[in-house]
Amino acid sequence: MTQVSLTNLIAGARAGLLVSFPTDTVPALAAIPEKAGLIFAAKQRSQDKPLILMAASAEDLWLYVKGSEKEYKVWQELAEKYWAGGLTLVLPASDRLPKVMNPIDPTTIGIRVPNSAIAQTILAQTGPLATTSANFSGQPPLQTIAEIEAQFPKVLTLAMTEYQSEILGIGVPSTVAKWTGINWQILRPGAIKLDISSDNQI
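First, a word on scope: everything that follows refers to the structure included in this document.

## Here we look at the overall build of the protein chain
Per the secondary structure count, the protein chain includes five helices and ten strands. Seen through its principal axes, the protein chain has C-alpha atoms that stretch 50 × 35 × 30 Å. Out of the 202 residues in the protein chain, the part that is buried amounts to 51%. Of the roughly 9,400 Å² of accessible surface on the protein chain, 53% is carried by carbon and sulfur atoms. In the protein chain, which carries 16 positive and 17 negative side-chain charges, the distance between the mean positions of the two groups comes to 6 Å.

Right under this line is the structure:
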């Protein structure tokens, strides 16, 4: 059994171990950005499928992306409208981002703030984490602790007693929108129906 307390899960993540915790969409498999390679290995995930950088607040994420003042304004307006929530923004990455997060194309990164108290509690103490859904690559996202433990026996999962009052995720992955330099392109429809009006373009 690898179910641990919240304190131990946070300590494990900070020490560079693979962890899993609930979010507002599907349960996450997570590691500190420098250890993102562990996620690719555990999931048997192709290197051309980048991970998502998840954090407790937008402020924690802007350091990992770069753009013009105008672009930041557009990005922040969209983030303020939909975060915390099931929207991942794919933006140009700054030098601060470890290349192992997106080995094939380290010039971009997906970022998200989950609308989940338990996820935010963890992320506030670990700092931004490399995340993806907890499942083998190409298979449906796992939804329960039991499924995650069976598939990833070495991953630290959060003991059920730690979040009984938490509303679990909706079971649908986040919507992914990529910034093209002038407007947004939807890469994956998901939890949020995005209203990409002319306000959100340059």
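Next, the rest of the story.
## As for the sheet that holds strand β8 (residues 156–158)
Spatially, the ten strands line up as an open sheet ordered β1-β8-β2-β3-β7-β4-β6-β5-β9-β10, and their pairing is mixed. What marks the edges here is a single partner per strand, and that holds for β1 (3–4) and β10 (184–188). Across four bridges, the pairing between strand β3 (residues 28–31) and strand β7 (residues 129–133) is antiparallel. Note on β7: the bridge partner recorded for Ala30 is Thr131. Against the sheet, helix α1 (residues 6–14) engages β1, β2 (19–21) and β8, with an angle of about 145° to β8. Helix α4 (residues 117–126) rests against β2, β4 (52–54), β7 and β8 of the sheet, and its axis sits at about 145° to β2.

Conventions used here
- The numbering scheme is per chain: residues are counted from 1 as the chain's sequence reads.
- In view of the model being predicted, local features appear only for residues whose pLDDT reaches at least 70, and side-chain atom pairs are presented and counted only at 80 or more, with totals across whole chains, interfaces and linings using the full set of residues.
- With hydrogens and water stripped out, all remaining heavy atoms of the structure feed into the side-chain values.
- Runs of E in the DSSP output that reach at least two residues are strands. Runs of H or I that reach at least four are helices, and both are numbered from the N terminus.
- Using a 1.4 Å probe on the protein chains alone, a residue whose accessible area is under 20% of its type maximum counts as buried, one over 50% counts as exposed, and one in between counts as partly exposed.
- In short, Shrake-Rupley with a 1.4 Å probe defines the accessible areas, and a residue's cover is counted only from the protein chains shown.
- In this tally, Asp and Glu contribute negative charge and Lys and Arg positive charge; neither His nor the terminal groups of the chain are included.
- By convention, the charge on Lys lies at NZ, on Arg at CZ, on Asp at CG and on Glu at CD.
- Each pair of strands is called paired provided DSSP finds at least two bridges between the two strands.
- Here a residue-residue contact requires only that any non-hydrogen atoms of the pair lie within 4.5 Å.
- Axis definition: a line fitted to C-alpha atoms, over the contacting stretch in the case of helices. Angles run 0 to 180 degrees between N-to-C directions.

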